[in-house]
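Results of the structural survey
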Amino acid sequence: MISVVQRVSQARVVVGGEVTGEIGAGLLVLLCAERGDADVQADKLLAKILKLRIFADEAGKMNRSVQDTEGGLLIVSQFTLAADVSGGNRPSFTGAALPDEGRRLYDYFVVQARLAHPKVETGQFAADMQVHLVNDGPVTIPLRIQPDT
């Protein structure tokens, strides 16, 4: 499972002119399930994201997690994170999970996030979304949990 996590001061997702999810300070989580991923990869990735120490403490050091700061999570599906451009200039997305399994794993991740964290918002799976964000820092962290880890 692949994720790009961005520390934000605010973020929102718009689908068809309507806001589907919006947070203040917290993390924008772009999420992609890959072929071979299962619930265990989602669980490990979520645990890593919730404990990722990328928020400043009193001394200004990145020592606090989104849980410590009680920030929001905005979880957005993004299968293009699985893009492979090694064969040319047109990306191949064959590494992404098939749509039904991708949706199942995305939904599972969101449910688990809501059980573990009080403020969770989402985009809309497989929709044409506009993601608006103010990246704080900027801080952007790519994460990948593979089936054999």
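Here goes a summary of the coordinates provided. Not measured: the values here are computed from a predicted model. (Residues numbered from 1 in each chain as written. Predicted model: local features only at pLDDT ≥ 70, side-chain atom pairs only at ≥ 80, totals over all residues. Heavy atoms only, no water.)

**Points about the overall build of the protein**
The criterion, for reference: A helix here means a DSSP run of H or I that spans at least four residues, while a strand means a run of E at least two residues long, and both kinds are numbered starting from the N terminus. Within these notes, the globule rule equals 2.2 Å times the number of residues to the 0.38 power, and the radius of gyration is based on C-alpha atoms. Only protein chains enter the accessibility calculation, which uses a 1.4 Å probe; a residue whose area is less than 20% of its type maximum is buried, one above 50% is exposed, and one in between is partly exposed.
Counting its secondary structure elements, the protein contains three helices and eight strands. Helices and strands in the protein line up, N terminus first, as β-β-β-α-β-β-α-β-α-β-β. On C-alpha atoms alone, the protein measures out to a radius of gyration of 15 Å, which is about the 15 Å that the 2.2 N^0.38 rule sets for 149 residues. For the protein, with 149 residues in total, the buried portion stands at 41%.

**Here we look at the environment of V40**
Structurally, V40 is set in helix α1 (residues 39-51). According to the relative accessible area criterion, V40 is partly exposed, its value standing at 42%. Counting along the chain gives 107 residues from V40 to P147, while the straight-line C-alpha distance between them is 8.1 Å.

**Some details on the side chain of H117**
What counts here: Any pair of residues with heavy atoms lying within 4.5 Å of one another is described as a contacting pair.
Locating H117 in the fold gives a position in the loop between α3 (99-116) and β7 (120-122). Residue classification places H117 among the buried positions, given a relative accessible area of 4%. Leaving out residues up to four positions away in the same chain, H117 has contacts with L50, V66, Q67, G71, G72 and L73.

**Remarks on the packing of α1 against α3**
For any two helices packed against each other, one specifies the crossing angle of their axes together with the interaxial distance. To keep it simple, the criterion reads: Axis geometry follows a simple rule: fit a line to the C-alpha atoms, using only the stretch in contact for helices, then measure angles between N-to-C directions, giving values from 0 to 180 degrees. An angle below 35 degrees is read as roughly parallel, one above 145 as roughly antiparallel, one from 65 to 115 as roughly perpendicular, and any other as oblique. Helix crossings get a hand from a simple test, with the near helix turned counterclockwise from the far one by less than a right angle marking a left-handed crossing and a clockwise turn marking a right-handed one. The residue classification treats Ala, Val, Leu, Ile, Met, Phe, Trp, Tyr, Cys and Pro as nonpolar and Asp, Glu, Lys and Arg as charged. All others, Gly included, are polar.
At their nearest, the axes of α1 and α3 sit 10 Å apart, and the two run at 40 degrees to each other. For the element pair α1 / α3, the angle class is oblique. Between α1 and α3 the crossing geometry is right-handed. Touching D39, A42, D43, L45, L46, I49 and L50 of α1 are R104, L105, Y108, F109, Q112, A113 and A116, all from α3. Residues that form the contact of α1 with α3 fall into these classes: 10 nonpolar, one polar and three charged.

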